[in-house]
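Residue strings, one per chain:
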Amino acid sequence: MRIIIETKERHRNLFLEMAKAVKAKVKIEEDETERPPTKEEFLDSLERSLLQAELHSQGKIKLKTARELFDEL
């Protein structure tokens, strides 16, 4: 039987101890969405954001309003 558990990093040891107690096999897969961005990724994102802000101020593109972003959530 296979049971898949998704949990926060802080609960990892609890689940590992429970699995060990019942002699279960454990396979841990890191979720890439939870890792912080690398310095390069952060700087690339910042550069894209500044370019968008500049294009918006020149009237070349239209950015979403805060309301539009909130509605997407």
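Note that the coordinates shown come from a computational prediction; the quantities given were computed from them, not determined experimentally. The residue numbers shown here count from 1 along each chain, following its written sequence. Where local features are concerned, this predicted model is filtered to residues with pLDDT of at least 70; where side-chain atom pairs are given and counted, the filter is 80 or more; whole-chain, interface and lining totals use all residues. Processing note: side-chain calculations cover all non-hydrogen atoms of the structure and skip hydrogens and water entirely.

J.: Explain the overall build of the protein chain here, please?
T.: Strands are runs of DSSP state E lasting at least 2 residues, helices are runs of H or I lasting at least 4, and numbering of each runs from the N terminus. Per the secondary structure count, the protein chain includes three helices and zero strands. Secondary structure elements of the protein chain occur, N-terminal to C-terminal, as α-α-α. All radius of gyration figures rest on C-alpha atoms, and the globule criterion is 2.2 Å times the number of residues raised to 0.38. For the protein chain, whose C-alpha radius of gyration is 21 Å, the value lies well above the compact-globule estimate of 11 Å for 73 residues. If one aligns the C-alpha atoms of the protein chain with their principal axes, the spans along those axes are about 65 × 30 × 20 Å. Taking the average place of the 15 positive charges on the side chains of the protein chain and the average place of its 16 negative ones, the gap between the two points comes to 5 Å. The positive count covers Lys and Arg only, the negative count covers Asp and Glu only, and His and the chain ends enter neither. Taken as the charge location is NZ of Lys, CZ of Arg, CG of Asp or CD of Glu.

J.: Would you mind showing me how to read a nonpolar patch on the surface here?
T.: Residues Phe 42, Leu 43, Leu 46 and Leu 50 make up a contiguous nonpolar surface patch of roughly 390 Å² in combined accessible area. With respect to the secondary-structure elements, Phe 42 resides in helix H2 (residues 39-57). Nonpolar side chains (Val, Leu, Ile, Met, Phe, Trp, Tyr) within 5 Å and like charges within 9 Å form the patches, drawn only from residues with over 30% relative accessible area and no salt bridge. The Shrake-Rupley method, run with a 1.4 Å probe, gives the accessible areas here. Residue values count only the displayed protein chains as cover. Definition used for salt bridges: Asp or Glu carboxyl oxygen within 4 Å of a side-chain nitrogen of Lys or Arg.

J.: Please explain H2 as it appears in this structure.
T.: One turn of an α-helix holds 3.6 residues; hence residues three or four places apart share an orientation. Relative to the 27 Å expected for 19 residues at 1.5 Å per residue, H2 spans 27 Å between its end C-alpha atoms, a close match to the ideal helical length. Count one or two residues on from H2 and you reach Gly 59, which has phi positive near 80°. Take the residue count of a helix, subtract one, and multiply by 1.5 Å to get its expected span.

J.: Can you walk me through the environment of Val 26 in this structure?
T.: Its location among the elements puts Val 26 in the loop between helix H1 (12-21) and H2. Sequence separation between Val 26 and Ile 3 is 23 residues; the distance between their C-alpha atoms is 9.9 Å. For Val 26, the contacting residues outside a window of four places in its chain are Leu 16 and Ala 19. We call two residues in contact when some of their heavy atoms are within 4.5 Å.

J.: So what exactly am I meant to see when it comes to unusual backbone geometry here?
T.: One can expect most non-glycine residues to show negative phi and most peptide bonds to be in trans. Non-glycine residue Lys 23 carries a positive phi angle of around 55°. Within the secondary structure, Lys 23 is located in the loop between H1 and H2.

J.: When you look at the pattern of salt bridges in this model, what are you seeing that I'm missing?
T.: One side chain can pair with another of opposite charge once the charged atoms of both are near each other. For the coordinates displayed, the defined rule picks out four salt bridges. The shortest N-O distance in the salt bridge between Lys 64 and Glu 72 comes to 2.2 Å. For the salt bridge of Arg 67 with Asp 71, the shortest nitrogen-to-oxygen distance reads 3.9 Å. Here Arg 67 pairs with Asp 71, and both are found in helix H3 (residues 66-72), just four residues apart, close to one helical turn. The class for Arg 67 is exposed, based on a relative accessible area of 54%. Think of it in three bands: residues with accessible area under 20% of the maximum for their type are buried, residues over 50% are exposed, and the middle band is partly exposed, with areas taken using a 1.4 Å probe on protein chains only.

Read these as layout, nothing more, since geometry by itself doesn't imply function.
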